[in-house]
Amino acid sequence: MKFYIMFGPPGAGKGTHAAAIREKYNLRHLSTGELLREEIAASTTLGKQAKELIDKGSLVPDEVVEGMIRSQFEHTEGTNGFLLDGFPRTLRQAEDLDAMLADMGKEVSAVVSLMIPDELVFTRIKGRAAVEGRADDASDEVISNRIKTYHAQTEPLIDYYKAKGKYHEITADGETIEINRQRVLDLMEKLQ
Ligand code: AMP
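Residues numbered from 1 in each chain as written. Predicted model: local features only at pLDDT ≥ 70, side-chain atom pairs only at ≥ 80, totals over all residues. Heavy atoms only, no water.

1. Side note on the overall build of the protein
Working step 1: Within the protein one finds 9 helices and 5 strands.
Working step 2: Radius of gyration (C-alpha) of the protein: 16 Å, near the 16 Å computed for a compact globule of 192 residues.
Working step 3: When its C-alpha atoms are laid out on the principal axes, the protein stretches across 40 × 40 × 30 Å.
Working step 4: Across the 192 residues of the protein, 44% fall into the buried class.
Working step 5: Long-range pairs, those at least 24 residues apart, make up 74% of the contacts in the protein with a sequence separation of at least 6.
Working step 6: Just so you have it, the protein exposes about 9,500 Å², and 50% of that area is on carbon and sulfur atoms.
Working step 7: Computed over 25 positive and 32 negative side-chain charges, the inter-centroid distance for the protein is 1 Å. (Helix = DSSP H or I, 4+ residues; strand = E, 2+ residues; numbered from the N terminus. Rg over C-alpha atoms; globule rule 2.2 N^0.38 Å. Buried < 20%, exposed > 50% of the residue type's maximum accessible area, 1.4 Å probe, protein only. Contact = heavy atoms within 4.5 Å. Areas by Shrake-Rupley, 256 points an atom, 1.4 Å probe, with all protein chains shown as cover. Lys, Arg positive; Asp, Glu negative; His and termini not counted. Charge placed at Lys NZ, Arg CZ, Asp CG, Glu CD.)

This is how it looks when you write it as structure tokens:
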């Protein structure tokens, strides 16, 4: 059972490229952002609490996303593994993920990191806002806060996974989605 982590700042293309990887390697794509947006759409208590934080560009509490991930790991039938997108996002989540997987006798297979400069984060998210209509894509202030949150809370994971020899990075600043997708698929192929 494989556990890949799609890593990178908001707008790097994690969700976009996950579809191609998922199909090619028969993995289940697990996006904590998508799962949270489903909770919001269903107006659950969790969704209502998460919405306030998401709309500000802040992270939801570690326990919340970890609970969602834990329950998804119970469904492994018919799949070669998982493609985690947007999780882990804090050191605590990374450590807890390691503990969760150790309990299952498993470990993180590799981190596939998509890097883009902060300026491109803005352009990409603005483009996506027009297509997907996400509330947290709409304002410059919220996008800035997400970039700040990424640098402060998520970027430290790079060293965490480098120390474990699991960190692999591509630059996802190519002109087209296809160019970047090929870079991600080439990296995935090397990891097999
Ligand atoms: P995403 O779709 O991955 O950009 O996530 C959208 C928003 O959901 C983020 O800005 C966070 O507010 C929240 N979120 C998603 N994944 C996590 C996570 N692993 N930890 C905390 N908050 C998360």
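2. Let's talk about unusual backbone geometry
Working step 1: Residues F87 and P88 are joined by a peptide bond in cis, for which omega reads -5°.
Working step 2: Position of P88 relative to the elements: it lies in the loop between β3 (81-85) and α5 (91-103).
Working step 3: Here the phi dihedral of N26 falls at roughly 50°; this positive angle occurs in a residue that is not glycine.
Working step 4: In this structure, N26 sits in the loop between α1 (14-25) and β2 (27-31).
Working step 5: A relative accessible area of 36% means that N26 is categorised as partly exposed.
Working step 6: With phi around 50°, S43 is a residue other than glycine that occupies positive phi space.
Working step 7: Counting through the fold element by element, S43 comes out in the loop between α2 (32-41) and α3 (45-56).

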